[in-house]
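Geometric and topological summary
Chain residues, written in single-letter form:
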Amino acid sequence: MPEEHKGNGHGSANAFAELRSLLVGPEREELAAIRQRLDDPARVVKDLSRFLPEAIRLRRGDHKLRLALHPIVEQSIRLSVQRDPRMLTDALRPIILQAVSNAVSSALDGMLLSLNQMVEQSVSVRSIQWRLEARRTGKSFGEILLLRSLLYRVEQVFLIHRKTGLALLHREAPAVVAKDADLISGMLTAIQDFAYDSFGAGDSQWQTVQMSGFSLWIQHAPQALLAGVVRGAAPKELRSRLQETLERICRERAADLERFEGDATPFLACGPYLDACLLGQAPPVAPRRRVLVWLLAAVAILVVALGAGLFVSIRARQRWEDYVHKLSRQPGIVVTAVEKRGGEYRISGLRDPQETDSRKLLDASGIPASRVRFDWQPYLSLETKFAAGRELAATRAALEHQALYFATDLSRITPEQLNAIGNVAAEMRALFRQADAAGKRASIEILGHTDDSGTEQRNTRLGQERAQQVLNALAAAGVPSERLSARGVATSEPLRSGTSEPDRAVNRSVTFRITGLT
Amino acid sequence: MAALLQKKICMAGSFHVGKTSLVRRFVEGIFSDHYLTTIGAKIDNKPVTVDGQSFKMVIWDLEGKDELTQIRTSHLRGAAGFILVADGSRAQTLDKAIELHERITYETGPIPFIVALNKADLTQQWEIRDPALEALRSKGWPYLLTSAKNGRCVEELFLGLARKMLKPKE
């Protein structure tokens, strides 16, 4: 029973499974297939790839999708550039070239237009010629202007070995100061390599490098480069000239280029070809500028000369006016007329004979004395200075005419002489007072004379005694003795030269000499 | 006028081993160092005379930025010789120089070269020991202990390379 029961139980399970497979068998298989597809990444990707384009297309207006893709696209581009810039360069080149050429041509058009407008009103002989040329050739006036006014010059030409970057040949236009051609060739090659490696310029290479103030025009051949340093705006024809030259050299020197190992001698023969590339013409501005410079220099010299002349004449005139002004204020001078004849000055007027300062005034003025003529009339100035001067001169003259006489061989002063000595003393005190007022330190020498009789020794002693006696008497009469001095002159300074008795009587005397007044 | 006989040589080595200083010690150039960092090469030249033969040595001083930057192989084209520079006070710069040798000769073929163990004035910090020098000798590599600072062996370095370049090829 249990066996059967057991057998029955087993049988029922099988029956259930069978029933289940009969009822849901196909669905289960389908379910398993779906699970398998979901678990297999390759299948999922394959399925997704079928729907992705359509899905993105459906969601193209969705901002979220754009935000999600944005960083991915950005990073992808960056990675692509890092790995190999050439791919992107190649892809973009048509667009960029088009864009650049559009921009350049529109800029050129704009420039021509504004040039046209700018020069439309301006008229010169040259502009009329250009207008006629424009009408004749059918070009716009601006184009003609560009062609005719922008001059150029090929200043240097380099023939460079492409592989080593060494200079094969270098030529420069007259009056061009060229730096080391070897270095320039090397740098040029290094820059080309750099450009090639960095931007993948491909076979087209760089043809023009714009520097400040000049441009480099470069032509390429497999073995060599030809580079021209160009100042100004060169016509397009220059490029074909460079290209022809390079091709010719490469053709003629193919073997030398191939086996070049640093010896540039074989390329010397190509010199004339390079010389023929030194084209162009220096703008005609330079000579005009030189003339202008000379003109300016001449004007400057003239201005300086005129200025100097004017300065000298003004200074001379100033000096003269100063001098005349000072002279007319000078005491003892009355200027009545001043005139200039030729180069000579003439001053007329009155002058006190005591006046001496006017001469110093002329010396101090800097005016040459030879150019001044004076026409003075003498007069007596009433100014204190000159009046006092005259008084002093009179006192001095009176005193120097005084004499005290002595008897033969005597030096003693007689009572009669004391009166005369009193007068002399009064005159002397007056003289000292007047001299002091004029600021002068006067002193008086008392001279003792003798006649020519007797021995010389005796006469010398006698003269000295007479002078000393008079000095003592004058001191006693109140004359300050420190301003007096006594000197025996004996027969050396006789008042009269005769030998008669009246002459001898006059010579036996004492006289006075005043010093310190000049 | 360009000199009639010229030879191009290259200076290669890690960053800051003294390549530019060695060149400056040897020549007085007209281009500023600015070019070096811009385009990866600084070019100088100097007329030299060895064994009675004169020529102009055009020296391309190649940039050694850091370990990651490769030298521009286009700058090596047409070189007749090269100088590998290492800093004696930093041993790893010699390893780098040995590596550079492989890269350069791959580009240029077998051409004369000399190894400059520079900064020989820094005796205190000197790191390159005898085993390393022995290794160079066993490879048959010529080397010189140089100093751009005091001028030690700088002339010998350039003129030695010049002499090797002028020797007829075997």
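Reading guide: rules and limits
- Residues numbered from 1 in each chain as written.
- Chains lettered and ligands numbered in written order.
- Predicted model: local features only at pLDDT ≥ 70, side-chain atom pairs only at ≥ 80, totals over all residues.
- Helix = DSSP H or I, 4+ residues; strand = E, 2+ residues; numbered from the N terminus.
- Buried ≥ 20, exposed ≤ 12 C-beta atoms within 10 Å, placed from the backbone.
- Contact = placed C-beta atoms within 7 Å.
- Axes fitted to C-alpha atoms, helices over the stretch in contact; angles between N-to-C directions.
- Parallel < 35°, antiparallel > 145°, perpendicular 65-115°, else oblique.
- Left-handed = near helix turned anticlockwise from the far one by under 90°.
- Nonpolar A, V, L, I, M, F, W, Y, C, P; charged D, E, K, R; others polar.
- Pairing = 2+ DSSP bridges.
- pLDDT = per-residue confidence, 0-100.
- Core = buried A, V, L, I, M, F, W, Y, C linked by C-beta atoms within 7 Å.
- Expected span 1.5 Å × (residues − 1).
- Arc of directions from axis to C-beta.
- Right-handed = clockwise from strand over helix to strand, strands pointing away.

**Some thoughts on the overall build of chain B**
- If you tally the helices and strands in chain B, you get 5 helices and 6 strands.
- For chain B, the succession of helices and strands along the chain, N to C, is β-α-α-β-β-β-α-β-α-β-α.
- A total of 170 residues make up chain B; the buried ones form 46% of that total.
- Relative to all contacts within chain B whose residues are 6 or more apart in sequence, the contacts with residues 24 or more apart total 75%.

**Digging into the overall build of chain A**
- Looking only at helices and strands, chain A has 16 helices and 12 strands in total.
- Per-residue burial over chain A gives 20% buried out of 518 residues.
- Residue pairs in contact within chain A that sit at least 24 positions apart in sequence constitute 66% of those at least 6 positions apart.

**Focus on the packing of helix α14 (residues 415-437) of chain A against helix α15 (residues 456-476) of chain A**
Residues and elements named next belong to chain A.
- Closest axis-to-axis distance for the α14/α15 pair is 9 Å, and the angle between their directions is 70°. Taken together, the axes of α14 and α15 are roughly perpendicular relative to one another. Judged by the twist between their axes, the crossing of α14 over α15 is right-handed. Between α14 and α15, the residues in contact are L418, I421, V424, A425 and M428 and V470, A473 and L474, respectively.
- Split by residue class, the contact of α14 with α15 holds 8 nonpolar, no polar and no charged.

**Some thoughts on the sheet that holds strand β7 (residues 344-351) of chain A**
All names here are of chain A.
- Taken in spatial order, the 3 strands of this open sheet run β6-β7-β8, and their pairing is mixed. A strand with exactly one partner marks an edge of an open sheet, and here the two such strands are β6 (333-341) and β8 (372-378). Mean inter-strand twist for the sheet, computed between neighbouring axes without regard to direction, equals 15°.
- Note that β7 and β8 share 7 bridges and pair parallel. Residue pairing for β8: S348 is matched across the bridge by D375.

**Comments concerning the confidence of the model for chain A**
- Predicted confidence across chain A gives a mean pLDDT of 81, with 85% of residues reaching 70 or more.
- Mean pLDDT values over the elements of chain A span from 63, in helix α6 (residues 141-149) of chain A, up to 93, in strand β10 (residues 443-449) of chain A.

**Concerning the environment of A:Q219**
Residues and elements named next belong to chain A.
- Here Q219 is to be found in strand β4 (residues 215-220).
- C-beta crowding within 10 Å serves as the criterion here: with 21 such atoms nearby, Q219 is assigned to the buried category.
- Spatially, the C-alpha atoms of Q219 and T245 are 9.6 Å apart, while their sequence positions differ by 26 residues.

**Description of the nonpolar core**
- Formed by 76 residues in total, the largest nonpolar core has its most connected members in A:L159, B:I83 and B:L84.
- Those residues in contact with B:L84, other than ones at most four positions away along the chain, are B:A12, B:G13, B:A97, B:L100, B:H101, B:F113, B:V115 and B:A116.
- With 21 residues, the next largest nonpolar core counts A:L392, A:A442, A:I446 and A:A473 among its residues.

**Focus on the packing of helix α13 (residues 384-400) of chain A against α14(A)**
All names here are of chain A.
- Direction vectors running N to C along α13 and α14 enclose 150°, while the axes themselves pass 9 Å from each other. What the angle tells us is that α13 and α14 run roughly antiparallel. The way α13 lies across α14 gives a crossing that is left-handed. Across the interface between the two elements, A388, E391, L392, T395, R396, A398 and L399 from α13 touch E427, M428, A430, L431, Q434, A435 and A437 from α14.
- Its residues assigned to classes, the contact of α13 with α14 comprises 9 nonpolar, 2 polar and 3 charged.

**Considering the pairing of β7(A)**
- Bridge count for β6(A) against β7(A) is 8 bridges, and the pairing is antiparallel. Bridge pairing in β7(A) links A:A337 to A:S348.

**What to know about helix α5 (residues 154-166) of chain B**
All names here are of chain B.
- In this model α5 runs 19 Å from its N-terminal to its C-terminal C-alpha over 13 residues, within 8% of the 18 Å that 1.5 Å per residue would give.
- Listed in full, the buried residues belonging to α5 are V154, L157, F158, L161, A162 and M165. For α5, the angular spread of buried residues about the axis comes to 125°, placing them on one side.

**Considerations on the confidence of the model for chain B**
- Summarising the model, chain B shows a mean pLDDT of 84, and 86% of its residues fall at 70 or more.
- Reported for the predicted complex are a pTM of 0.44 and an ipTM of 0.75.

**Overview of α14(A)**
All names here are of chain A.
- Here α14 spans 34 Å end to end across 23 residues, near enough to the 33 Å set by a 1.5 Å rise per residue.
- Every buried residue belonging to α14 is among I421, V424, M428, L431, F432, Q434 and A435, and all of these are buried.
- Buried-residue contacts for α14 involve α13, β9 (403-405), β10, α15 and β12 (509-515).
- Positive phi appears at G439, one or two residues downstream of α14, with a value of about 80°.

**Here's the deal with the sheet that holds strand β2 (residues 167-172) of chain A**
Residues and elements named next belong to chain A.
- Across the sheet, which stays open at both edges, the 5 strands sit in the order β2-β1-β5-β4-β3 with antiparallel pairing between neighbours. Bordering the open sheet on either side are β2 and β3 (208-210), each of which pairs with just one other strand. Across this sheet, the average inter-strand angle for adjacent strands is 20°, counted without regard to direction.
- Contacts from helix α8 (residues 237-252) reach β1 (152-161), β4 and β5 (224-232) within the one sheet, and its direction differs from that of β5 by about 155°.

**Examining the pairing of strand β5 (residues 113-118) of chain B**
Residue and element names in this part refer to chain B.
- The element β5 is extensively covered by neighbouring structure, given that 6 of its 6 residues are classed as buried.
- Burial along β5 is two-sided: the residues F113, V115 and L117 and I114, A116 and N118 are all buried.
- Following the chain from strand β4 (residues 81-87) across helix α3 (residues 92-108) to the adjacent parallel β5, one finds a crossover that is right-handed.
- Strand direction decides the pairing type here: β5 and strand β6 (residues 143-145), joined by 3 bridges, are parallel. Bridging across to β6, L117 finds its partner in L145.
- Between the parallel elements β5 and β6, the chain passes through helix α4 (residues 130-139) in a crossover that is right-handed.

**Digging into unusual backbone geometry**
- Phi angles above zero are rare outside glycine, and A:A490 is one such case at about 50°.
- By the secondary structure assignment, A:A490 is in strand β11 (residues 484-490).
- Backbone geometry at B:D51 places phi at a positive 50°, although glycine is not the residue there.
- With respect to the helices, strands and loops of the structure, B:D51 is situated in the loop between β2 (41-50) and β3 (53-62).
- Using a count of 9 C-beta atoms within 10 Å as the deciding quantity, one classes B:D51 as exposed.

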